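Analysis of the macromolecular model
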Amino acid sequence: MSDFLREKWPVLVNSAAGMVIAAVVVMQFAGGGDDADTTSLPDAVSGGEVAEAPAEETPAAPAQAVARAVVDVDGARIVNADSEPGNWMSHGRTYSEQRYSPLSQINDQNASELGLAWSFNTGTVRGLEATPIVVDEMLFTTGNWGVVHALNAKTGEELWEFDPEVPGEWARYGCCDIVNRGVAVWKGRVYVASFDGRLFALNAEDGSVHWEVNTIPGPPYTITGAPRIVNGKVIIGNGGAELGVRGYITAYDAETGEQAWRFYTVPGNPADGFEHPELEVAVETWKGGRWWEIGGGGTAWDSMAYDAELDTLYVGVGNGSPWTREIRSPGGGDNLYLSTILALDPNTGRLKWHYQTTPSDNWDYTATQHIVLAELEIDGKERKVLMQAPKNGFFYVIDRETGELLSADPYITVTWASHVDMETGRPVENPAVGYNIDPQFVFPSANGGHNWHPMAFNPDTGLVYIPTQEIGGIYTLANQWKEGKEFKVRENWWNTGLDWADYVDVINGLLAEGGELPIDHGYLKAFDPLTGETRWAIEMPSILNGGVLTTAGNLVLQGTADGRFVAYRADTGTELWRANVQTGIVAAPMTYEIDGVQYVAVMAGWGGTALPSGDARTSAAAKYGNDGRLLVFKVNGTEELPELALLDQTIPEQPEVTATPEQLRNGEVQFMSVCGLCHGALAVSGGVLPDLRRMSPTTREHFDAIVREGMLEENGMPNFGDLLNEQDVQDIYSYIIKRATEDRALQLPTE
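Residues numbered from 1 in each chain as written. Predicted model: local features only at pLDDT ≥ 70, side-chain atom pairs only at ≥ 80, totals over all residues. Heavy atoms only, no water.

As for the overall build of the chain
Check the secondary structure of the chain and you find 13 helices and 39 strands. As displayed, the chain has an accessible area near 24,700 Å², and 46% of this comes from carbon and sulfur atoms. (Helix = DSSP H or I, 4+ residues; strand = E, 2+ residues; numbered from the N terminus. Areas by Shrake-Rupley, 256 points an atom, 1.4 Å probe, with all protein chains shown as cover.)

A word on the packing of aromatic side chains
Evaluated as defined, the whole model comprises 31 aromatic pairs. Look at W577 and F633: their rings are 5.4 Å apart centre to centre, the planes differ by 75°, and that puts the pair in the edge-to-face class. Of this pair, W577 sits in strand β36 (residues 575-580) while F633 sits in strand β39 (residues 629-635), and the two are 56 residues apart along the sequence. On the basis of relative accessible area, F633 is assigned to the buried category, the value being 4%. Measuring from centroid to centroid gives 5.2 Å for Y592 and Y599, while their planes differ by 15°, and the two rings are stacked. Across this residue pair, the class does not change: Y592 and Y599 are buried. One aromatic cluster is present, formed by W363, Y365, F394 and W416 through successive ring pairs. (Phe/Tyr/Trp six-rings, centres within 6.5 Å; stacked < 30°, edge-to-face > 60°. Buried < 20%, exposed > 50% of the residue type's maximum accessible area, 1.4 Å probe, protein only.)

Quick notes on the pattern of salt bridges
Inspection of every chain in the model, using the stated rule, returns 41 salt bridges. Salt-bridge contacts for R77 lead to E84; the nearest nitrogen and oxygen are separated by 2.8 Å. Neither residue differs from the other here; R77 and E84 are each classed as buried. Several salt bridges converge on common partners, so that one network encompasses D691, R693, R694, K738, R739, E742 and D743. (Salt bridge = Lys/Arg side-chain N within 4 Å of Asp/Glu carboxyl O.)

Observations regarding helix α10 (residues 661-679)
The end-to-end C-alpha distance of α10, which contains 19 residues, comes to just 23 Å, noticeably less than the 27 Å that a straight helix rising 1.5 Å per residue would cover. The largest bend in α10 is about 50°, located at M672. Taking burial as the measure, the 19 residues of α10 include 14 buried ones, the bulk of the element. Downstream of α10 by a residue or two, G680 has a phi angle that is positive, lying close to 95°. (Expected span 1.5 Å × (residues − 1). Bend = angle between axes of the 7 residues up to and from the residue.)

Section: helix α13 (residues 726-747)
For α13, spanning 22 residues, the distance from its first C-alpha to its last is 32 Å, which sits close to the expected 32 Å at 1.5 Å a residue. Those residues of α13 not exposed but buried are D728, V729, D731, I732, Y733, S734, Y735, I736, I737, R739, A740 and D743. In this fold, the buried residues of α13 make contact with α10, α11 (697-701) and α12 (703-709). Two or three places before Q727, at the start of α13, stands the capping residue N725, its side-chain oxygen 3.0 Å from that residue's backbone nitrogen. (Contact = heavy atoms within 4.5 Å. Polar contact = N/O pair within 3.5 Å; in protein donor to acceptor, adjacent residues only side chain to side chain.)

Let's talk about the packing of α10 against α13
For the pair α10 and α13, the least separation of the axes is 7 Å and the interaxial angle reads 95°. Taken together, the axes of α10 and α13 are roughly perpendicular relative to one another. Listed contacts from α13 to Q663, L664, N666, G667, E668, Q670, F671 and C675 of α10 are Q727, D728, D731, I732, S734, Y735, I736 and K738. Its residues assigned to classes, the contact of α10 with α13 comprises six nonpolar, six polar and four charged. (Axes fitted to C-alpha atoms, helices over the stretch in contact; angles between N-to-C directions. Parallel < 35°, antiparallel > 145°, perpendicular 65-115°, else oblique. Nonpolar A, V, L, I, M, F, W, Y, C, P; charged D, E, K, R; others polar.)

Some points on the pairing of strand β24 (residues 405-410)
Sheet topology note: the strand β23 (residues 394-399)/β24 ladder contains five bridges and is antiparallel. Bridge pairing in β24 links F395 to D409. Between β23 and β24, which pair antiparallel in sequence order, lie five residues; one of them, G403, sits at a positive phi of approximately 85°. (Pairing = 2+ DSSP bridges.)

A few points about the sheet that holds strand β8 (residues 189-193)
Taken together, the four strands give an open sheet; going across it, the order is β7-β8-β9-β10, and neighbouring strands pair in antiparallel fashion. Each having just a single partner strand, β7 (184-186) and β10 (209-214) make up the two edges of the open sheet. Between one strand axis and the next, the sheet turns through 20° on average, direction left out of account. Bridge count between β7 and β8: three bridges; the pairing is antiparallel. Opposite V185, over in β8, you have V190 as the bridge partner.

Printed below as a string of structure tokens:
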């Protein structure tokens, strides 16, 4: 292997990066039982309780105060959010999604004095991705599945909880955990989407349901994103492109739940006609395939922003289904509107303009990453711009009035393309990394140079703060397509068009050549959108770290995969303060102010894309467990989190492996194509879900019943009897025992 590849190779021991992001066959039993060694927290921060507030704190407001708090939130109030900087009324604080707060009581001079004000235990052990909403002393956040918690923002007392009661088996349909990124508030109601595709309008006073609407036709669609509300319409997308769905964005009347419009991001079967005129243009860019039988993809699962002056909604669109264009559109074409930024009329859903970041996407390079709106002076003229750092590794600055590309500079290592041609606006692909014939190693991987974790723009420094990562990925075209131009669709499961057997062989070859792979790293980068240069960068011990907040106090705050919450100077990157919270963080922090006191809040709970892509050598989840919490800090906060004990990482003695080489090979490939998407490549868990090398005797006894018969389906471990037969499961079991035996030998002391 070349020195370059040795330096940049991803942590494949724990990651299916490049071929998978993170399918999440949910194992909600991970937090307890024979297979999990977790440390229970003291009563102060467990069981839904919060750390006891100081005596001088004001008692919690009654639940009736919630309705008064949010009843006046509408578009005008959100547009004028800077006039009440103590609130955080929309997902990114403002419609521009800058994640910049004008608050400065906490600043670069006193950040070192931050301490815990209170904490709230969510009762979860999975990824927590929500950005809390705070309006007039009330805080609304979400846990897993779309569960909503309404809290007193000053004390942390829970006022009510709403559980959409998503069936546990729906976990199978999610690509990346059972996460939820938060709620929206509007005129006395709280809006949330559940993992199984329902959209709810809740009464803010008590969490009761005002209306409920099903936004999807059924599995394998999911929703993990936070809704946005514009002009009285609730906007929501969906996910599921890895499994095979057709993406769309829908607007619903905020008062009644009636559908106002729907924009499909990819065309359906041309023989059936087109739902709206934009699809007549798009279909000309799909050639030679039958994409509609798999869905085509193009799910809009996260990013949105809104310009009230232009009355324009901006939406990021995801990857194709399958990932590989050779199968999806063998005749070529750009495949609109995959990997595209859409500028829509929020009143009608009609398209104003679009810009495709990755034409004919072949690598799962979504454009669903965070979209930020700002005003920048470019060539002596102030421009209204849109900025995005999508997965493909280029940072885009676009005129948001016209869609004109203003700049596109790499923010991480990029090998799939040499540059973006500013005359055509198109990336110039590197033909050397095409994988139609042989497996290829490509930067970035399907995890992206930047995934969903929100970035932030500080107008004071002029910098964008991006949680980035350097991960290369393996891409290899499905052998069934290479040999016979056929692709067998696996219903309600991953249909990427890539080859698992080849993938396993590449990993094993690299391990045989080089032994243990190096630890990969993430970086917090301060990126100058005017020059395309990185002003400063902080290297992280691990990949897949948290989103970012920046403030007028010259601060940047971010949580990390290894369980730290850190404050930096925004201008220089100098570290000012850190708290070892011992829980991995993927969510972005937010800040608010009550009675003249500024608070900083962040959801702590590692997961999402980190499930199979995380590294157990560096993740807090592997070391301490993953009890989910909302953590709230202030200057001179005096509460303390308990010190957690390290989990036992010992692999127990294993039974003898009696399987044949052929059976072990089948078990290895089947594990990677089904189990590894959650439990990690090579059967090494990143720390969130059970590490199957440490199975208990009870799990061993019931292994087939769990995997093929759905014994734990209600708890989130789905039934895979439709994908795996009895021999497959036995072979998977034998492969796990083989891997456990190998790794146990490495743990044992040698003479």
